[in-house]
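Secondary and tertiary structure notes
Listed below, chain by chain, are the residues.
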Amino acid sequence: MIKPKTLCAIGLVFFVTSYVFFALISLNTQKYIDLAHWFNLIGAVLLFSFNNVFPKNKINTGASVITTLGIIAHIGLCTIDFIMWSFGNDAIGSEKLREQISNTPLILYPFIIVGPSLLFIGLAAHALNFIKTNPISTLMVVIGGPFVGLSYFIWNNGFLMLISCMVFTSGLALLLFREEVKRWQ
């Protein structure tokens, strides 16, 4: 059986890879399979293992709930994006679906606007356990996460989104392998 720490590391690789696709490769060129969203979906699900690798305390309990809700929202978001991708060149059909989703708050807010952010918030809350012992790694997670959302939703900048995701996931990786990093120093 694969250890939770290994699942976390694999999840981080899949998650970053999805952001490489989002930032650098046109989603319209993914003719046969939507790799970006498959990598994102698999990465997000594997990030669930972070709920099991960090110290068990009150912060961890709350962070685990938030992270789990964020993963559920990512699954929903990827499902919606798979459906959108399936429209291919049918701009009218995809616009009708976009409009329907926009007019359905019980889908729009939990799966598109608020929900996916909970994954970043939950993992950042997990990272707060290490603010005293690993402040730089913790700040990478706490600052990188919001910048992923800001760069996408506010600034519409794919490159900044990718850099933010790399900072976020690098901070998580450093916290995940903090004992190994200490041994190398």
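My aim in this report is to walk through the structure given alongside it, one point at a time. It should be emphasised that the depicted structure is a prediction, and the values quoted were computed from it without experimental measurement.

1. Topic: the overall build of the chain
Scanning the chain for helices and strands turns up 10 helices and 0 strands. Starting at the N terminus and walking to the C terminus, you meet the elements of the chain as α-α-α-α-α-α-α-α-α-α. C-alpha atoms of the chain, sized along the principal axes, occupy 55 × 35 × 30 Å. In the chain, which comprises 185 residues, the proportion classed as buried is 38%.

2. Quick word on the packing of helix H4 (residues 58-86) against helix H5 (residues 91-102)
Relative to each other, H4 and H5 sit at 155°, their axes nearing to 9 Å. In terms of axis orientation, H4 runs roughly antiparallel to H5. The interaxial crossing formed by H4 with H5 has right-handed handedness. Here Ile80, Ile83 and Met84 of H4 lie close against H5, whose contacting residues are Ser94, Leu97, Arg98 and Ile101. When the residues that make up the contact of H4 with H5 are grouped by side-chain class, the tally is 5 nonpolar, 1 polar and 1 charged.

3. Some details on helix H9 (residues 158-176)
End to end, H9 covers 26 Å across 19 residues, agreeing with the expected 27 Å (1.5 Å per residue, within 8%). All of the buried residues in H9 are Met161, Leu162, Ser164, Cys165, Phe168, Thr169, Gly171, Leu172, Leu175 and Leu176. Of the residues flanking the start of H9, the one acting as N-cap is asparagine 157, its side-chain oxygen 3.1 Å from the backbone nitrogen of phenylalanine 159.

4. Details of the pattern of salt bridges
Throughout the structure, instances matching the rule amount to 3 salt bridges. In the salt-bridge network here, residues are joined through shared partners; they are Lys5, Arg178 and Glu179.

Calculation notes
- Residues numbered from 1 in each chain as written.
- Predicted model: local features only at pLDDT ≥ 70, side-chain atom pairs only at ≥ 80, totals over all residues.
- Heavy atoms only, no water.
- Helix = DSSP H or I, 4+ residues; strand = E, 2+ residues; numbered from the N terminus.
- Buried < 20%, exposed > 50% of the residue type's maximum accessible area, 1.4 Å probe, protein only.
- Axes fitted to C-alpha atoms, helices over the stretch in contact; angles between N-to-C directions.
- Parallel < 35°, antiparallel > 145°, perpendicular 65-115°, else oblique.
- Left-handed = near helix turned anticlockwise from the far one by under 90°.
- Contact = heavy atoms within 4.5 Å.
- Nonpolar A, V, L, I, M, F, W, Y, C, P; charged D, E, K, R; others polar.
- Expected span 1.5 Å × (residues − 1).
- Polar contact = N/O pair within 3.5 Å; in protein donor to acceptor, adjacent residues only side chain to side chain.
- Salt bridge = Lys/Arg side-chain N within 4 Å of Asp/Glu carboxyl O.

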